[in-house]
2 protein chains.
Amino acid sequence: MAFLILQLRGLFVFLCCIKLFYNDMPKISQKGVDMPSSPIRKLTPFADQAKKDGKKIYHLNIGQPDIETPEVMLSALKNIDFKIWAYTPSEGTASYREKLTSYYNELGYGLTPNDILVTNGGSEAITFAMQACLNPGEEIIIPEPFYANYNGFACSADIVIKPIKSVIDNGFALPPISEFEKIITSKTKAIAICNPNNPTGYLYSREELEALRDLCLQYDLFLFSDEAYREFCYDGREFISPMHLEGLEEHAVVLDTVSKRYSACGARIGCLITKNKSLYQTALKFAQARLSPSLEGQIAAEAAVDTPDSYFEDVQREYTGRRDVLVKGLNAIEGVYCPNPGGAFYVVARLPIDDADRFCQWMLEKFSYQDETVMMAPATGFYSTADTGKNEVRLAYVLNTEELAAALLCLQKGLEAYPGRQMPV
Amino acid sequence: MAFLILQLRGLFVFLCCIKLFYNDMPKISQKGVDMPSSPIRKLTPFADQAKKDGKKIYHLNIGQPDIETPEVMLSALKNIDFKIWAYTPSEGTASYREKLTSYYNELGYGLTPNDILVTNGGSEAITFAMQACLNPGEEIIIPEPFYANYNGFACSADIVIKPIKSVIDNGFALPPISEFEKIITSKTKAIAICNPNNPTGYLYSREELEALRDLCLQYDLFLFSDEAYREFCYDGREFISPMHLEGLEEHAVVLDTVSKRYSACGARIGCLITKNKSLYQTALKFAQARLSPSLEGQIAAEAAVDTPDSYFEDVQREYTGRRDVLVKGLNAIEGVYCPNPGGAFYVVARLPIDDADRFCQWMLEKFSYQDETVMMAPATGFYSTADTGKNEVRLAYVLNTEELAAALLCLQKGLEAYPGRQMPV
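Not measured: the values here are computed from a predicted model. Every chain begins its residue count from 1, and numbering advances along the sequence as written. The naming scheme follows written order: chains are lettered A onward, ligands numbered 1 onward. Residue-level local features of this predicted model are given only where pLDDT is at least 70; pairs of side-chain atoms are given and counted only at 80 or more, and the full residue set underlies all totals for whole chains, interfaces and linings. Side-chain metrics in this entry use all non-hydrogen atoms of the structure; hydrogen atoms and water are not considered.

Draft legend 1. Seen up close, the overall build of chain A. Counting from the N terminus, the helices are the DSSP runs of H or I reaching at least four residues and the strands are the DSSP runs of E reaching at least two. Along its length, chain A carries 14 helices and twelve strands. Within these notes, the globule rule equals 2.2 Å times the number of residues to the 0.38 power, and the radius of gyration is based on C-alpha atoms. Relative to the globule expectation of 22 Å for 425 residues, the C-alpha radius of gyration of chain A, 24 Å, shows essentially globular dimensions. Projected onto its principal axes, the C-alpha coordinates of chain A cover approximately 90 × 55 × 55 Å. The buried label applies to any residue whose accessible area, calculated with a 1.4 Å probe on protein chains only, is under 20% of its type's maximum; exposed applies above 50%, and partly exposed to all values in between. For chain A, buried positions account for 60% of its 425 residues. Taking the intrachain contacts of chain A between residues at least 6 apart in sequence as the baseline, contacts between residues at least 24 apart amount to 77%. By element, 54% of the accessible surface of chain A is carried by carbon and sulfur atoms, the whole surface being about 16,300 Å². Measuring between centres, the 41 positive side-chain charges of chain A sit 7 Å from its 54 negative side-chain charges. A contact between two residues is defined here by any heavy atoms of the two lying within 4.5 Å. Reported accessibility uses the Shrake-Rupley method at a 1.4 Å probe radius. Residues are deemed covered only where the shown protein chains occlude them. For this count, His and the chain ends are skipped, Lys and Arg are scored as positive, and Asp and Glu as negative. Where a charge sits is defined by one atom per residue type, namely NZ (Lys), CZ (Arg), CG (Asp) or CD (Glu).

Given below as structure tokens:
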């Protein structure tokens, strides 16, 4: 009996310990578990180690431009004269929305200030659009490869991304409309494009936009147009927005940001644009909950609209030159194929490798050429379909042409030495 | 037969018209429909009209302080010297998180920089905490009345707020723990408090915090502590955070902002603090998706940590004086009751009225005294339980004592003239 009591007491203590252990650890949400980490940042520890080992790294992995922010924008920031750093209206200040209207109307968007909702970066604009248009479980179709953080926004809004594969062989053009129709269901609420595209740099044509318009009208879908890279179109090619197309007034949602346009990623000022009043009012409710975008960011972004044309001409010339060096250089390497993109400052290239994740890590961890190496983003992170893009990488041409040439040589030497080298069939 | 064909053709045209009509209007989400609009801003059209009619309005309805932002913070903004307005790390800059650590550790929080995640305002910190801890459909318990935007964040995260009523008669003290226990279910994941409280101004005691700690440990719940008003504690009373209590390391989540502390609402810099590594890493994934908080906001907020003590002493003296004028003045009006709050810059007062929404609108629309009137926030917007707080209003003492005295006189005259006057039973 005494033995049994002892045993029971032992069991009780054991159970208490278990309880204590579990009590020490309230569980995070399944949504939190499912939330993807940034595929672009996951190689960072290897880069840090490479730097510690004394290697110089050419960073072609990130979209942080090395171009200077326009002086007119920085001056506005330095000359702020408020005494109280106050909230602004949730939709943004009247003066900034008016100034933005003039910017967009020069592009032919036909807006009023009441069509523009200022957000904390383009990221918040995308989140607002997803939440205002899609219920949990509903679907948005996006051509892949696509901007990896769309996965995070979709997870956060509990919506489902249905990818459609675009292919490197035609430069990542819009997939045939019949492919979209195959996966449209009663749950489909929207189609999203990024134009010019991140990660592929592809610039959609007027015909492609018109095909999407007809599809959205036929199936009653919203068309999200992420135009973060609008200013970066090359070879004199025309930029087309859904805002240019008749009939899409209630369907088109433009998602924009000052981040790349003015090399002002850290200002966190973007906007959501729609002529659909019901959608605007709904997005505004999400905006009201978070009170306001930043006051000083809006002041600077308002001033930025006056950036002289010469700034953009210089930037375009610079990026076109970089793109030419990079694309030509990549295609000159044996087994490498890189289409010539019409916009943004990214390319996706096919390499003679077995596995882009392994190769990019190997370049940081095991390889160097004259104490230098190259950091790239494995394209797998931009595909939603598993095991896709395994021999592709994204390169951002955010370095000058001299450094790009050095990076290309380094990449070539890396490809020659890589143990998983595998020529495309 | 010809007649039938004509009829059918008519029907076809009619159906096409219907289709066209519906096609013109893709539907917004049910979540968007359910999203609450700001209860504080819904009286704005009436205020705008009153201003057009030439009335002066005493704005006691909003939490935008009239106190100047510390000079050290504005100087930092004016003296930024970057050339490229770049992203910062998603979790915030290392130097700002280090500086914040020193601020919090002076308060006895015992943090490292790796416990702090910088956010776009306190709003984003609340959203991250909800999404990282609660799945769609799971529940968080919050004493009501509570900050109205919690409803918006909860709707956006698809989680459910379970309110527990705190009452004006004891100054909105923490409801008995037994009331919490009554509504805890398997879906309950967290309890949230705002301390000092918006809208009631109530400052929770150490005993109340300890009771919440024991409850959270017993039922394995996260404890969210919204500390936006931490610097605003009066009468020498002690501020207690869950970070001060032993045993809550894995459960406590502090949500903070520079908005009220430095009168810098428009800077949109806040943070989420937790020692729970798993939670931190999860919140970081949400932060990575939106890339970064603003660079210049963090530079200014870092400088703000050096705000001299005299600034806070002046602010405390000013607010204490205002609170005393307001609370004394309110209690001197026949039929009005207002508890004396220990913190923040709000009071909730009981008025001799039938309906706070009607009364606040009436004050703007129908009433003036010497061409002046008062704008208040009906307390109904801060209760989640229907038909609660109908004879209560929230007043923010964000005006100087002279203006507060004038506003009080105006309110008294309004209450005397209001057709829906109704003395409390």
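That was the structure; now back to the text.
Draft legend 2. A look at the relation of the copies chain B and chain A. Placing chain B over chain A gives an RMSD of 0.0 Å and needs a rotation angle of 180 degrees, together with 0.0 Å of translation along the axis. Both copies of the chain, as the preceding transformation shows, are related through a two-fold rotation axis. If distances are taken from each C-alpha of chain B to the rotation axis, the shortest is found for Lys78(B), at 2.0 Å. Interface overlap between copies: 100% of the residues of chain B at the interface are likewise at the interface in chain A, consistent with a symmetric, same-surface contact. In this comparison the copies share one frame, found by least squares on the C-alpha atoms of residues holding pLDDT of at least 70 in both.

Draft legend 3. Fine view of the packing of helix α6 (residues 121-133) of chain B against helix α7 (residues 149-156) of chain B. Residues and elements named next belong to chain B. All axes are obtained by fitting lines to C-alpha atoms, using only the stretch in contact for helices, and the reported angles, taken between N-to-C directions, cover 0 to 180 degrees. The geometry of α6 relative to α7 is characterised by a closest axis approach of 10 Å and an angle of 45 degrees between their N-to-C directions. Comparing their axes, α7 and α6 come out oblique. For the pair α6 and α7, the crossing hand works out as right-handed. Together, Ser123, Ile126, Thr127, Met130 and Gln131 of α6 and Tyr150, Phe153, Ala154 and Ser156 of α7 make up the contact between the two elements. Throughout this entry, Asp, Glu, Lys and Arg are counted as charged residues, while Ala, Val, Leu, Ile, Met, Phe, Trp, Tyr, Cys and Pro are counted as nonpolar. The remaining residues, Gly among them, count as polar. Grouping the constituent residues of the contact of α6 with α7 by class yields five nonpolar, four polar and no charged. The cut-offs work like this: below 35 degrees is roughly parallel, past 145 is roughly antiparallel, 65 to 115 is roughly perpendicular, and the gaps in between are oblique. Left-handed is the label given to a crossing in which the near helix is rotated counterclockwise from the far helix by less than a right angle, and right-handed is the label when the rotation is clockwise.

Draft legend 4. Representation of the state of the cysteines in the model. Note on terminology: disulfide denotes any pair of cysteine sulfur atoms within 2.5 Å. Tallied over the entire structure, the rule returns zero disulfides over all chains. Counting only cysteine sulfurs, Cys233(B) is the nearest neighbor of Cys194(B), a cysteine outside any disulfide, at a range of 11 Å.

Draft legend 5. Expanded view of the nonpolar core. Joining through side-chain atoms within 4.5 Å is the link that ties buried Ala, Val, Leu, Ile, Met, Phe, Trp, Tyr and Cys residues into a set, and such a set is a nonpolar core. Membership of the largest hydrophobic core comes to 214 residues, with the highest contact counts inside it found for Trp85(A), Leu330(A), Phe359(A), Trp85(B), Leu330(B) and Phe359(B). Membership of the second largest hydrophobic core comes to 76 residues, among which are Ala129(B), Ile142(B), Phe224(B) and Ala289(B).

Draft legend 6. Quick peek at the interface of chain B and chain A. Taken together, the contact between chain B and chain A spans 84 residues of the former and 84 residues of the latter. Put simply, buried area is how much 1.4 Å-probe accessible surface two parts lose in total, over both of them, once they are put together. In total, about 6,800 Å² of surface goes out of reach between chain B and chain A, with carbon and sulfur atoms giving 55% of it. In the sections that follow, a salt bridge refers to a side-chain nitrogen of Lys or Arg positioned within 4 Å of a carboxyl oxygen of Asp or Glu. Linking chain B with chain A are zero salt bridges. Of all the elements in the fold, those that place two or more residues in the side of chain B that touches chain A are α1 (2-23), α2 (30-34), α4 (71-78), α6, α7, α9 (206-219), α10 (277-289) and α11 (295-304) of chain B. By residue number, the principal contributor to the side of chain B that touches chain A is α10(B), which donates seven residues. Taken together, the residues of the side of chain B that touches chain A break down into 38 nonpolar, 28 polar and 18 charged.

Draft legend 7. Main features of the side chain of Arg97(A). All names here are of chain A. Structurally, Arg97 is set in helix α5 (residues 94-106). Although Arg97 is buried, it forms no salt bridge, and the closest oppositely charged side chain is Glu91 at an N-O distance of 4.0 Å. Look past the residues within four positions of Arg97 in its chain and what remains in contact with it is Glu91, Gly92, Pro113, Asn114, Ile116, Val118 and Tyr280.

Draft legend 8. Quick look at unusual backbone geometry. Cis geometry marks the peptide bond from Glu144(A) to Pro145(A); its omega dihedral reads 5 degrees. In this structure, the amide linkage connecting Asn198(B) to the following residue, Pro199(B), adopts the cis form with an omega of 20 degrees. When you line up the elements, Pro199(B) lands in the loop between β5 (188-194) and α9. With phi around 60 degrees, Ala344(A) is a residue other than glycine that occupies positive phi space. With respect to the helices and strands, Ala344(A) occurs in the loop between α12 (309-331) and β9 (346-350).

Draft legend 9. How the structure looks around the sheet that holds strand β2 (residues 116-119) of chain A. All names here are of chain A. Taken together, seven strands build an open sheet; the order of strands is β2-β8-β7-β6-β5-β3-β4 and the sheet is mixed. Looking along the sheet, the strands with just one partner apiece sit at the ends: β2 and β4 (160-165). Across the sheet, the mean angle from the axis of one strand to that of its neighbour is 25 degrees, orientation sign disregarded. DSSP-based pairing: two strands are paired if at least 2 bridges between them are found. Note that strand β3 (residues 139-144) and strand β5 (residues 188-194) share three bridges and pair parallel. Counted as the bridge partner of Ile141 is Ile191 from β5. The strands that α5 touches are β2, β7 (252-257) and β8 (270-273); relative to β2, the one it contacts most, it runs at about 115 degrees. Its contacts with the sheet put helix α10 (residues 277-289) on β2, β6 (222-226), β7 and β8, and the angle it makes with β2 is roughly 25 degrees.

Draft legend 10. A look at helix α14 (residues 401-417) of chain A. Across its 17 residues, α14(A) extends 24 Å between first and last C-alpha, which sits within 8% of the 24 Å expected from 1.5 Å per residue. Looking at the buried residues of α14(A), the elements they touch are β1 (56-59), α12, α13 (356-365) and β10 (372-375) of chain A. Here, expected helix span is obtained from the residue count minus one, scaled by 1.5 Å.

Draft legend 11. Molecular detail of the sheet that holds strand β11 (residues 377-378) of chain B. Residues and elements named next belong to chain B. The antiparallel open sheet is built from three strands, whose spatial order is β9-β12-β11. Of all the strands in the sheet, the pair left with one neighbour each is β9 (346-350) and β11. Bridge count between β11 and strand β12 (residues 392-396): two bridges; the pairing is antiparallel. For Ala377, the partnering residue across the bridge sits in β12 and is Arg394. With respect to the sheet, helix α12 (residues 309-331) is in contact with β9 and β12, its orientation differing from that of β9 by roughly 0 degrees.

Draft legend 12. Expanded view of the pairing of strand β4 (residues 160-165) of chain B. As defined by bridge partners, strand β3 (residues 139-144) of chain B adjoins β4(B) across six bridges and the pair is classed as parallel. In the strand pairing of β4(B), Glu144(B) is matched with Lys165(B).

None of this, on its own, says anything about what the molecule does.
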